[in-house]
Amino acid sequence: QLNPQALSSMLHANAKNPNPSPQFFDKAENYMMCLDNLNHFDPQAFANILWAYAKIGHPSPQLFDKVANHIFVHDNLNHFDPQDFANILWAYAKVDNPSPQLFNKVANQIVVHDNLSEYTPQALSNILWALAKLGFFHVNLFE
């Protein structure tokens, strides 16, 4: 069985390659879709994997939906850091995959923790761009 960290590192490196292999991304998607659950993946692995797919323009809607559903069912997102949120939301927006439940859950997390000082300007920009691109509005986030 492939280690989630190794998979995310390979996808990330492949996406940075000037000639990424779409076949590799297809195989990685098939592998992840066959998994019963994604419990062994940490937030950074999700962020790197989704970023890689978005970077090469490989939308993979079933994979993105599986990850969104996995994140959505978690009781809290305290183990996600601001950069994880930024990269994940950016990836969904980049591949034009609106996931209202995911975006709402992340926005609620940001509002509840009121920790915008921990977000870099780049992370905030990526989050705001993603929200705007997909037309997502969260009243409390923008107050």
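See the structure printed just above.
A brief report on the enclosed structure follows.

Criteria and cut-off values
Residues numbered from 1 in each chain as written. Predicted model: local features only at pLDDT ≥ 70, side-chain atom pairs only at ≥ 80, totals over all residues. Heavy atoms only, no water. Axes fitted to C-alpha atoms, helices over the stretch in contact; angles between N-to-C directions. Helix = DSSP H or I, 4+ residues; strand = E, 2+ residues; numbered from the N terminus. Parallel < 35°, antiparallel > 145°, perpendicular 65-115°, else oblique. Left-handed = near helix turned anticlockwise from the far one by under 90°. Contact = heavy atoms within 4.5 Å. Nonpolar A, V, L, I, M, F, W, Y, C, P; charged D, E, K, R; others polar. Core = buried A, V, L, I, M, F, W, Y, C linked by side-chain atoms within 4.5 Å. Buried < 20%, exposed > 50% of the residue type's maximum accessible area, 1.4 Å probe, protein only.

### Let's talk about the packing of helix α5 (residues 82-94) against helix α7 (residues 121-133)
Then, in step 1: Orientation of α5 relative to α7, taken along the N-to-C sense of each, is 30°, at an axis distance of 8 Å. One element, α5, and the other, α7, form an angle in the roughly parallel class. Where α5 crosses over α7, the two elements pack in a sense that is left-handed. Residue-level inspection shows P82, Q83, F85, A86, L89, W90, A93 and K94 of α5 in contact with α7, the latter providing A123, N126, I127, W129, A130 and K133.
Then, in step 2: Among the residues forming the contact of α5 with α7, the class breakdown is 10 nonpolar, two polar and two charged.

### Describing the nonpolar core
Then, in step 1: Counting residues in each nonpolar core, the largest one holds 47 residues, and the members touching the most others are F41, I88 and Y92.
Then, in step 2: Only α1 (4-16), α2 (22-34), α3 (43-55), α4 (61-72), α5, α6 (100-113) and α7 provide two or more residues apiece to this core.
Then, in step 3: By residue number, the principal contributor to this core is α3, which donates nine residues.
Then, in step 4: Ignoring any residue separated from it by four or fewer positions in sequence, one finds F41 in contact with P4, L7, M32, L35, F46 and I49.

Distances and angles like these do not, on their own, reveal function.
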